[in-house]
There are 2 protein chains.
Amino acid sequence: MNAAKHDVFQAIADPTRRDVLKLLAHKELPISEISSHFPISRTAVAKHLHILSEAKLVSGRKVGREKIYQLRPEPLKELKDWLAFYEQFWSNRLSILKHVVENEEK
Amino acid sequence: MNAAKHDVFQAIADPTRRDVLKLLAHKELPISEISSHFPISRTAVAKHLHILSEAKLVSGRKVGREKIYQLRPEPLKELKDWLAFYEQFWSNRLSILKHVVENEEK
DNA sequence: TAAAAATGAAACCATTTGGTTTTATGTTCG
DNA sequence: CGAACATAAAACCAAATGGTTTCATTTTTA
């Protein structure tokens, strides 16, 4: 749970982390408030926040003794771009047929 | 590497699996051919295919002694839907401002 | 200033993950 | 038929993951 090995794909792989993102979509929140929404320890939630932070999906700023986390959806663009490539295969019947035909040709 | 605990999010979390999907986007292929594109063992690739298969992102059919795998992009729709929710936060300046304003109100 | 609050950091743990090697099993082809 | 081919299945392994508990640090606040 340390290095820069956490990209967007890995970050959103965990359901708890996806829930955290959804929570922060409403409103920025301090760790303790975030963790109060989950059945796991505050420490565990903090670790998830670190991972999300590495992936730049959230940012945290210290305010007094609290650390306030905020959603940073920009990195999700990478996911959107990745997805876009595959959309041609389902977006309509024609492109599906096109795909089949192309495979037949080979 | 077994149960039905592999959803789309987890399936695409691994870079090798994403590469496998991209390979199959061109054309359906047997395991040995797929694994020839990677620096890991055929067995390891087969396991990745099992995981992709659990997530319904690929399907395999046996033809003679070969098992031919095919891309099944449909489950990526779940990802697209998930993403759609967050797009409001980056799609244009107005919606970003809207987000800020809504948070101020609270 | 001392206690409470909020977080950080470290040590630890069981399970999962991504890989290997080895051993079987079914299929094709000379 | 027997060898070669393609995959399947099993046993094993190190590292990563998602948790925990315990202890320390910083900031309020009564």
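Only a predicted model underlies this, so the values are computations on that prediction, with no experimental measurement involved. Here the residue index of a chain counts from 1 through its sequence in written order. Throughout, the order in which chains and ligands are written sets their labels, letters from A for the former and numbers from 1 for the latter. Selection of residues for local features in this predicted model requires a pLDDT of at least 70, selection of side-chain atom pairs for listing and counting requires 80 or more, and totals for whole chains, interfaces and linings are taken over all residues. Side-chain calculation: all heavy atoms of the structure are included, whereas hydrogens and water are not.

**What about the relation of the copies chain A and chain B?**
Here two copies of a chain appear, and what relates them is a rotation about an axis with a shift along it.
Here's step 1: Rotating chain A by 180° and translating it 0.0 Å along the rotation axis places it on chain B, where the RMSD comes to 0.0 Å. Both copies of the chain, as the preceding transformation shows, are related through a two-fold rotation axis. Across chain A, the smallest distance between a C-alpha and the rotation axis is recorded for Ala13 of chain A, namely 3.0 Å.
Here's step 2: Residue by residue, 100% of the interface of chain A is reproduced at the interface of chain B, so both copies engage with the same surface. The least-squares superposition of copies is restricted to C-alpha atoms, and to residues with a pLDDT of at least 70 in both copies. Pairs of residues are marked as contacts when any of their non-hydrogen atoms sit within 4.5 Å.

**Examining the sheet that holds strand 3 (residues 66-71) of chain B**
Residues and elements named next belong to chain B.
Here's step 1: Taken together, the 3 strands give an open sheet; going across it, the order is 1-3-2, and neighbouring strands pair in antiparallel fashion. Edge positions in the sheet fall to strand 1 (29-30) and strand 2 (58-63), since each has one partner strand and no second.
Here's step 2: Inspection of the sheet shows strand 1 paired to strand 3 by 2 bridges, in the antiparallel sense. When the sheet's bridge partners are listed, Pro30 is paired in strand 3 with Ile68.
Here's step 3: A fitted line through C-alpha atoms serves as each axis, taken over the contacting stretch for helices, and the angle formed by two N-to-C directions is quoted from 0 to 180°. Only DSSP runs of H or I covering at least 4 residues are called helices, and only runs of E covering at least 2 are called strands; the numbering of each starts at the N terminus. Packing against the sheet, helix 2 (residues 15-26) makes contact with strand 1, strand 2 and strand 3, and its axis sits at approximately 95° to strand 3. A strand pair is defined by DSSP finding two or more bridges across the two strands.

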